[in-house]
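Working through the structure, step by step
One letter stands for each residue in the lines below.
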Amino acid sequence: MKEDREYILAYGFAGELLTALAAVTRKNNIGLQLIGDDCLDQLVGDLLLEADAVFVDDRSPARSYELKLEHMLFVNFSQESLMNFLDELKAEGISVPYKAALTEHNRNWLLRDLIEANRKEHLFIKLYHGSKNALNVAVKVYGESKDAPLLEAMDKLQQQIEALEQEGEMPAEQEAELFEKLRLRYNQLAARLNTLLSE
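Numbering of residues starts from 1 in each chain and follows the order in which that chain's sequence is written. Owing to the predicted nature of the model, reporting of local features is limited to residues with pLDDT of at least 70; listing and counting of side-chain atom pairs is limited to 80 or more, with chain, interface and lining totals taken over all residues. Neither water nor hydrogens contribute to the side-chain values; these are computed over all heavy atoms in the structure.

Once that is clear, we can look at the overall build of the chain. To qualify as a helix, a DSSP run of H or I must reach at least 4 residues; to qualify as a strand, a run of E must reach at least 2; elements of each kind are numbered from the N terminus. A tally of regular secondary structure across the chain gives six helices and four strands. Of the regular secondary structure in the chain, the N- to C-terminal order runs β-α-β-α-β-α-β-α-α-α. Taking 16 Å as the expected radius of gyration for a compact globule of 199 residues, we find that the chain reaches 21 Å, considerably beyond that expectation. In terms of its C-alpha atoms, the chain occupies a principal-axis envelope of roughly 65 × 35 × 35 Å. The quantity called the radius of gyration is restricted to C-alpha atoms. Its globule counterpart is 2.2 Å times the number of residues to the power 0.38.

Quick look at the structure:
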């Protein structure tokens, strides 16, 4: 076995989703290590396996999952192999929104904190894309309605998106503040759109 074999630390998997994930990992010779609630308050680095770890084909899920989600941590993956594996998951209809690759930075986090950071990041990205889609719809509606409040809501949301796009890495507090502002602007636009579309 090569020392840097690619493997996944998988939290929250059970039933058909676990069976499907196990089949894809087996097909690609990727190790699969299931972890449960007993690992949430451990450092990610302490959960890593020894280089000579043997992956048994025992796919019984952990006894309990406090967090009602699935999370995958990719260990020893190159960028290319990670993208290829994600494509394979997609081809098999497996969607897991919460995932991360092991980094020098996150190996010193508690697993619980890493999962929460991934959850927040996913919500942020979802809101960002939802906001851009809402703007596209609003442009069409405004073209027909020439509604001034809609135009104002569009401008405010566009400004918030641009402010977000100009930011790089930011502290968690600033990120939370930007998320809240974007959510507010999105809701204002959506409310005006709903009003116009229901008239």
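After that view, the rundown keeps rolling.
The next point concerns the layout of surface pockets. Residues are called lining when one of their atoms sits within 4 Å of a cavity or pocket point, these points coming from a 1 Å grid over the protein atoms alone, where a cavity is a set in which a 1.4 Å probe fits but cannot get out and a pocket is an open set with protein on both sides within 12 Å along at least five of seven lines. Grid points are joined across faces, edges and corners, and a volume is the space filled by probe spheres set on the points. Approximately 1,100 Å³ is the volume attributed to the largest pocket. Taken together, 31 residues form the lining of the largest pocket, with Trp109, Ala117, Glu121, Glu169 and Glu175 sitting closest to its centre. Elements with a minimum of two residues in the lining of the largest pocket: helix 3 (79–91), strand 4 (98–101), helix 4 (111–145), helix 5 (148–166) and helix 6 (172–198). With 11 residues, the single largest contributor to the lining of the largest pocket is helix 4.

What follows covers the sheet that holds strand 2 (residues 31–35). Here four strands make up an open sheet; going across it, the order is 2-1-3-4 and the pairing mixed. Only two strands of the sheet have a single neighbouring strand rather than two, namely strand 2 and strand 4. Direction aside, neighbouring strands of the sheet carry axes that sit 20 degrees apart on average. Judged from the five bridges that link them, strand 1 (residues 7–11) and strand 2 form a sheet pairing that is parallel. Paired with Ala10 across the bridge in strand 2 is Leu34. When DSSP finds two or more bridges between a pair of strands, those strands are recorded as paired. Axis definition: a line fitted to C-alpha atoms, over the contacting stretch in the case of helices. Angles run 0 to 180 degrees between N-to-C directions.

What follows concerns the packing of helix 4 against helix 6. At a closest axis distance of 9 Å, the pairing of helix 4 and helix 6 adopts a crossing angle of 30 degrees. For the pair helix 4 and helix 6, the sense of crossing is left-handed. Along its contact with helix 4, which presents Leu123, Phe124, Leu127, Tyr128, Gly130, Ser131, Ala134, Leu135, Val137, Ala138, Val141 and Ser145, the element helix 6 presents Glu175, Leu178, Phe179, Leu182, Arg183, Tyr186, Leu189, Leu193, Leu196 and Leu197. Whether a crossing is left-handed or right-handed is set by the direction in which the near helix is turned from the far one by less than a right angle, anticlockwise for left-handed and clockwise for right-handed. Between two residues, a contact is recorded if the distance between any of their heavy atoms is within 4.5 Å.

Across its 35 residues, helix 4 extends 50 Å between first and last C-alpha, which sits within 8% of the 51 Å expected from 1.5 Å per residue. Each residue is assigned to one of three classes by its accessible area relative to the maximum for its type, calculated with a 1.4 Å probe on protein chains only: buried under 20%, partly exposed between the two thresholds, exposed over 50%. Buried within helix 4 we find Leu111, Leu114, Ile115, Asn118, Phe124, Leu127, Tyr128, Ser131, Ala134, Leu135, Ala138 and Val141. Directly beyond the C-terminal end of helix 4, a positive phi value near 50 degrees is found at Lys146. By definition here, a helix of n residues has an expected span of 1.5 Å times n minus one.

Take the packing of helix 1 (residues 15–27) against helix 3 next. Where helix 1 contacts helix 3, the two axes come as close as 11 Å, and the packing angle between them is 135 degrees. In terms of axis orientation, helix 1 runs oblique to helix 3. With respect to the hand of their crossing, helix 1 and helix 3 are arranged in right-handed fashion. In contact with Leu21, Val24, Thr25 and Lys27 of helix 1, helix 3 contributes Phe85, Glu88 and Leu89. Throughout this description, any angle smaller than 35 degrees is read as roughly parallel, any larger than 145 degrees as roughly antiparallel, any in the 65 to 115 degree range as roughly perpendicular, and the remainder as oblique.

This is a description of form; function is not addressed.
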